[in-house]
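# Descriptive analysis of the structure
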Amino acid sequence: MQQAAAPKVSFVSLGCPKALVDSERIITRLRAEGYELARKHDGADLVIVNTCGFLDSAKQESLGAIGEAMAENGKVIVTGCMGAEPEQIEAAYPGVLSITGPQQYESVLDAVHRALPPVHNPHLDLLPPQGIKLTPRHYAYLKISEGCNNRCSFCIIPKLRGDLVSRPANDVLREAEKLVTAGVKELLVISQDTSAYGVDIKYAASVWKDREVRARFFDLAKELGEFGAWVRLQYVYPYPHVDEVIGLMTQGKVLPYLDIPFQHASPEILKAMKRPAAQDKTLARIKTWREECPELTLRSTFIVGFPGETDSDFAYLRDWLEEAEIDRVGCFKYEPVAGASSNALGNAVPDAIKQERWNALMARQQKISARRLKRKVGTRQQVIIDEVGPTVSKGRSKADAPGIDGAVYVSSRRPLRTGEIVTAKIERADEYDLHGSVAGF
């Protein structure tokens, strides 16, 4: 399978520290969606110019930067303070693709997507295709490392992105603090292997505020929990030390939510997949986690139709799913990826059987999900509002990650605001979503 080249964006940031924060926010989102930054305009697919319009001299500098980008590249998106009064820019450069004002991150990203759509590869991307819809300002993805040390047979990420490279803890915390200060209410902690964080730098400590913080999964989660935002842990392999984080959930420091890509349950298939972490005691661990933190929501992904998967392997997975009662499940039909060692395994599963197994797994999961959600009827849940409607707004509970999980539809007597966190009384549930009314602010 030919991997499409990552789209390249060149970025010019002018003006004050506030504009720089805006630039970092846009760049963070672009990087999370797979865009690369180019050093020169002429090597990029498009250019973003974040302008300053405070003084006439700053406006002239901004116009000069736009002109340079137009001459060297031709595809230019303009944002920032000068974009709030676009007439001067439009008069000088009628060919710019888009002009937006300061702090309009969503509009800038929308313009980038229109001009240069992101390349989505389900085998590589951390964000779901739905996630490429713009991230509103109230939540943000916090990437804590690049690359991966695992060598799963179906995956080529280490070939493309190299081995694990963890960010220093203080670097991550600095970014998190900036995001929360800018109004972000939910931090989604991501990487290719989130719970392996710090192993490459021997869990080195770095100075944060007046103390040292080690680059350990638990330590970082604990510190992130001090910002007062929702902290959601995603792409967590079930290494033994993950057990420690459950305590932070019971204390309300991080959300009672774990996204663990189990991928399968059959010991034979897991062995063929070369999956990391001991999976044989997983059911017992899940039971212990739920005893310690009854509110815990588990999300996972599974692959059906992996080379050599027999009917009994699949039956094992289906029974395991029933016993584990995973709350949220994504399922993929196996596809060979160029460069993956699983291509050499042979015993390919026919497409028709892959489809059958996918249908059967999702039907089973739908029943499990409906059963789990029904237990929440009559409870009160905190809900973060993503989309405001005239009478019913769409939000998410602590059990729902954006773009991949269900939603909570809440009715309210007063208008709600995007990013607001309300208390909702849950009145009914269906297979994937909850419905209720606002009971408190």
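What comes next concerns the included structure.

Rules used throughout
Residues numbered from 1 in each chain as written. Predicted model: local features only at pLDDT ≥ 70, side-chain atom pairs only at ≥ 80, totals over all residues. Heavy atoms only, no water. Helix = DSSP H or I, 4+ residues; strand = E, 2+ residues; numbered from the N terminus. Buried < 20%, exposed > 50% of the residue type's maximum accessible area, 1.4 Å probe, protein only. Contact = heavy atoms within 4.5 Å. Pairing = 2+ DSSP bridges. Axes fitted to C-alpha atoms, helices over the stretch in contact; angles between N-to-C directions. Parallel < 35°, antiparallel > 145°, perpendicular 65-115°, else oblique. Nonpolar A, V, L, I, M, F, W, Y, C, P; charged D, E, K, R; others polar. Core = buried A, V, L, I, M, F, W, Y, C linked by side-chain atoms within 4.5 Å. Expected span 1.5 Å × (residues − 1). Phe/Tyr/Trp six-rings, centres within 6.5 Å; stacked < 30°, edge-to-face > 60°. Lys NZ or Arg CZ within 6 Å of the ring centre and 35° of its normal. Arc of directions from axis to C-beta.

In this section: the overall build of the protein. Each helix and strand in the protein was counted, giving twelve helices and 20 strands. When the backbone C-alpha atoms are referred to their principal axes, the protein occupies close to 70 × 55 × 50 Å. Looking at the 441 residues of the protein, the share that counts as buried comes to 52%. A fraction of 72% describes how many contacts in the protein between residues 6 or more apart in sequence connect residues 24 or more apart.

What follows is about the sheet that holds strand β2 (residues 36–37). Spatial strand order, β2-β1-β3-β4-β5: five strands in an open sheet with parallel pairing. Sheet topology places β2 and β5 (98–99) at the edges, where each strand pairs with a single neighbour. When strand β4 (residues 76–80) meets β5, the two strands line up parallel, connected through two bridges. Bridge pairing links Val78 to Ile99 in β5. Against the sheet, helix α2 (residues 56–72) contacts β1 (8–13), β3 (46–51) and β4, and its axis sits at roughly 180° relative to β3. Against the sheet, helix α4 (residues 105–115) contacts β3, β4 and β5, and its axis sits at roughly 175° relative to β4.

Of all six residues making up β3, six are buried, and the element is well covered by its neighbours. Side chains Leu46, Ile48 and Asn50 of β3 all project onto a buried face; the interleaved residues Val47, Val49 and Thr51 project onto the opposite face, where all are buried too. Pairing geometry for β1 and β3, over five bridges, is parallel. Note on β3: the bridge partner recorded for Ser13 is Asn50. Here five bridges tie β3 to β4, and the two strands are oriented parallel to one another. Each bridged residue has a counterpart across the sheet, and for Thr51 the counterpart in β4 is Gly80.

Let's shift gears to the packing of helix α11 (residues 311–324) against helix α12 (residues 351–374). Each pair of packed helices can be described by the angle between their axes along with the distance between the axes. Packing of α11 against α12 leaves a shortest axis separation of 10 Å and a crossing angle of 10°. When the interaxial angle is binned, α11 and α12 end up roughly parallel. Listed contacts from α12 to Asp311, Phe314, Leu317, Arg318, Asp319, Leu321 and Glu322 of α11 are Arg357, Ala360, Leu361, Arg364, Gln365, Ile368 and Arg371. For the contact of α11 with α12, the residue count by class is six nonpolar, one polar and seven charged.

All right, on to the nonpolar core then. Counting 51 residues, the largest nonpolar core has Leu224, Leu233, Met249, Leu258, Trp289 and Ile326 as its most contacted members. Setting aside residues no more than four positions away along its own chain, Leu224 makes contact with Leu142, Leu173, Ala176, Leu187, Val189 and Val231. Val12, Ala58, Ala65 and Val96 belong to the second largest nonpolar core, which has 15 residues in total.

With that settled, consider the side chain of Ser98. Mapped onto the secondary structure, Ser98 falls in strand β5. In contact with Ser98, not counting residues within four places along its chain, are Val76, Ile77, Val78 and Ala111.

In an α-helix, one full turn covers 3.6 residues, which means residues spaced three or four apart are oriented alike. Across its 17 residues, α2 extends 24 Å between first and last C-alpha, which sits within 8% of the 24 Å expected from 1.5 Å per residue. Those residues of α2 that fall on the buried side of the exposure criterion are Ala58, Lys59, Ser62, Leu63, Ala65, Ile66, Gly67 and Ala69. On its buried face, α2 sits against β1, β3, β4 and α3 (87–92). The positive-phi residue at the C-terminal boundary of α2 is Gly74, with phi of around 100°.

This part is about the pairing of β1. Relative to β2, β1 runs parallel, the two being bridged by two bridges. Residue Val9 lies in a different strand from β2, and its bridge partner there is Leu37.

Per the stated rule, a full pass over the model turns up seven aromatic pairs. Here Phe302 and Trp320 contribute two aromatic rings whose centre-to-centre distance is 6.1 Å and whose plane-to-plane angle is 65°, an arrangement assigned as edge-to-face. In this pair, Phe302 sits in strand β14 (residues 297–304) while Trp320 sits in helix α11, placing the two residues 18 residues apart along the sequence. The two residues Phe302 and Trp320 agree in class, both being buried. Geometrically, the ring pair formed by Phe306 and Tyr334 is edge-to-face, given 5.2 Å between the ring centres and 75° between the ring planes. On the criterion of sequence distance, the pair formed by Phe306 in the loop between β14 and α11 and Tyr334 in the loop between β15 (328–333) and α12 is long-range, its members being 28 residues apart. On the basis of relative accessible area, Phe306 is assigned to the buried category, the value being 0%. An aromatic cluster of three or more residues is present, and its members are Phe154, Phe306 and Tyr334. Residue placement shows Arg232 over the ring face of Tyr257; its charged tip is 4.5 Å from the ring centre. Over the ring of Trp358 we find Lys333, and its NZ or CZ is 5.5 Å from the ring centre.

Right, let's get into the sheet that holds strand β16 (residues 380–387). A barrel is described by the order of its strands in space; here five strands give the closed sequence β16-β17-β18-β20-β19, paired in mixed fashion. Averaged over all pairs of adjacent strands, the angle between strand axes in this sheet comes to 55°, irrespective of strand direction.

A separate point is helix α10 (residues 282–292). Those residues of α10 that fall on the buried side of the exposure criterion are Thr282, Arg285, Ile286, Trp289 and Arg290. Taken end-on, α10 shows its buried residues confined to a sector of 135°, consistent with a single buried face. Pointing more than 90 degrees away from the buried face of α10 are the exposed residues Lys287 and Glu291. Buried residues belonging to α10 abut α8 (245–250), β13 (257–259), β14, α11 and α12.

Before going further, it helps to examine the environment of Glu175. Considering the arrangement of structural elements, one finds Glu175 in helix α6 (residues 169–181). Relative accessible area serves as the criterion here: at 16%, Glu175 is assigned to the buried category. Look past the residues within four positions of Glu175 in its chain and what remains in contact with it is Thr28, Tyr141, Leu142 and Arg167.

Geometric descriptors of this kind do not, in isolation, establish any biological role.
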